[in-house]
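Understanding the architecture of this molecule
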Amino acid sequence: RKYKEALPELEQAISLNPDEAFLHISLGRAYLHLDQQEKAMQSFDRAVKLAPGPPVWNDVSYFLSVKKVQLEKAQQYAESAVTAIATKLRNVELSTLTREELGDVDRIAAYWDTLGWVHFQNGNLDLAEKYIEAAWSLAQHSEVGEHLGQIFEKRGKKEEATRMYALATLADRLVPEARESLDRMVGKEKSESYVTQATKSFSELRT
């Protein structure tokens, strides 16, 4: 419902700012959630044409992967985003590290997560785990931890999945799915004890 209500506002915003790529991405995302795939792809294609580059490629890829739509194109965009940032970081030196380069380190973690999630949706758990585990090691974001938990759960590793869901509830950029997944695994009455147990492990991980 919220996406349907957002359409007129997004369309009006685009009429005022037709060259703002991320408005087109938001519109495409809304269309995806309303099962209007053709319109969604038109909006995403417009965004890519306006601002071809890692941020746009990554966002389009992620939204496509979440809805399991155009996964081949999603993989191409995600791989392009990862390659572009990896190339930028290849010659980075700690002695001359800039704020932008430090931001690229955070961005590549997000792009690894996106690429890993595309592989997950394609059923390739080995590559999914490789990328998402790397993303989690580099930047402990809640959504990344929740994704890693889903991979473990898909593999039948319930204990590891539960641990990851608990860690994800403590991570940066908290997403509600982390706690929801933990509650689903162990029940709401036991969730808090798992979070308490995970607190020390999370502190050591960040250290």
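Calculation criteria
Residues numbered from 1 in each chain as written. Predicted model: local features only at pLDDT ≥ 70, side-chain atom pairs only at ≥ 80, totals over all residues. Heavy atoms only, no water. Helix = DSSP H or I, 4+ residues; strand = E, 2+ residues; numbered from the N terminus. Rg over C-alpha atoms; globule rule 2.2 N^0.38 Å. Buried < 20%, exposed > 50% of the residue type's maximum accessible area, 1.4 Å probe, protein only. Contact = heavy atoms within 4.5 Å. Areas by Shrake-Rupley, 256 points an atom, 1.4 Å probe, with all protein chains shown as cover. Polar contact = N/O pair within 3.5 Å; in protein donor to acceptor, adjacent residues only side chain to side chain. Axes fitted to C-alpha atoms, helices over the stretch in contact; angles between N-to-C directions. Left-handed = near helix turned anticlockwise from the far one by under 90°. Expected span 1.5 Å × (residues − 1). Core = buried A, V, L, I, M, F, W, Y, C linked by side-chain atoms within 4.5 Å. Phe/Tyr/Trp six-rings, centres within 6.5 Å; stacked < 30°, edge-to-face > 60°. Lys NZ or Arg CZ within 6 Å of the ring centre and 35° of its normal. Salt bridge = Lys/Arg side-chain N within 4 Å of Asp/Glu carboxyl O.

The subject of this paragraph is the overall build of the chain. When its secondary structure is counted, the chain shows eleven helices and zero strands. Taking 207 residues into account, the globule formula puts the C-alpha radius of gyration at 17 Å, and the chain, at 18 Å, falls close to it. Taken over the C-alpha atoms alone, the chain extends approximately 50 × 50 × 30 Å along its principal axes. Each of the 207 residues in the chain was classed as buried or not, and the buried ones make up 44%. Considering only intrachain contacts with a sequence separation of at least 6, the fraction spanning at least 24 residues in the chain is 54%. When the accessible surface of the chain is split by element, carbon and sulfur atoms take 48% of a total near 11700 Å².

Right, let's get into the side chain of N58. Topologically, N58 is positioned in helix α4 (residues 54-66). We classify N58 as buried; its relative accessible area is 8%. There is a polar contact of 2.7 Å between the side chain of N58 and the side chain of T114. Leave out the neighbours within four places in its chain, and N58 touches A81, A110, Y111 and T114.

The next point concerns the packing of helix α9 (residues 158-168) against helix α10 (residues 176-186). At a closest axis distance of 8 Å, the pairing of α9 and α10 adopts a crossing angle of 145°. Where α9 crosses over α10, the handedness of that crossing is left-handed. For the pair α9 and α10, contact is made by K158, A161, T162, Y165, A166 and A168 and by A178, S181, L182, R184, M185 and V186, respectively.

This paragraph deals with helix α2 (residues 21-33). Its 13 residues give α2 an end-to-end C-alpha distance of 19 Å, which sits within 8% of 18 Å, the value for a rise of 1.5 Å per residue. Those residues of α2 lying buried are A21, L23, H24, I25, L27, G28, A30, Y31 and L32. In this structure, the buried side of α2 is in contact with α1 (2-16), α3 (37-50) and α4. The distance from a side-chain oxygen at the start of α2 to the backbone nitrogen of F22 is 3.2 Å, and the residue carrying that oxygen is E20. Where α2 terminates, the next one or two residues include D35, which has phi positive at roughly 60°.

Core analysis: the biggest nonpolar cluster contains 57 residues, and F44, V60, L64 and W136 have the highest contact counts within it. Those residues in contact with F44 that lie beyond four places of it in its chain are I25, G28, R29, L32, V60, F63 and L64.

This brings us to the packing of aromatic side chains. Following the criterion strictly, the structure yields three aromatic pairs and no others. Residue placement shows K130 over the ring face of Y131; its charged tip is 5.5 Å from the ring centre.

This structure, assessed with the given rule, holds eleven salt bridges. In this structure, the salt-bridge partner of D106 is R173, at a minimum N-O distance of 2.9 Å. Here D106, found in helix α6 (residues 99-121), pairs with R173, found in the loop between α9 and α10; they are 67 residues apart in sequence, far enough to count as distant. Across the pair E192 and R179 runs a salt bridge whose closest N-O atoms are separated by 3.0 Å. In this pair, E192 sits in helix α11 (residues 188-206) while R179 sits in helix α10, placing the two residues 13 residues apart along the sequence. Classification of E192 as partly exposed rests on a relative accessible area of 44%. Overlapping salt bridges bring together K88, E100, D104 and R107 as one network.

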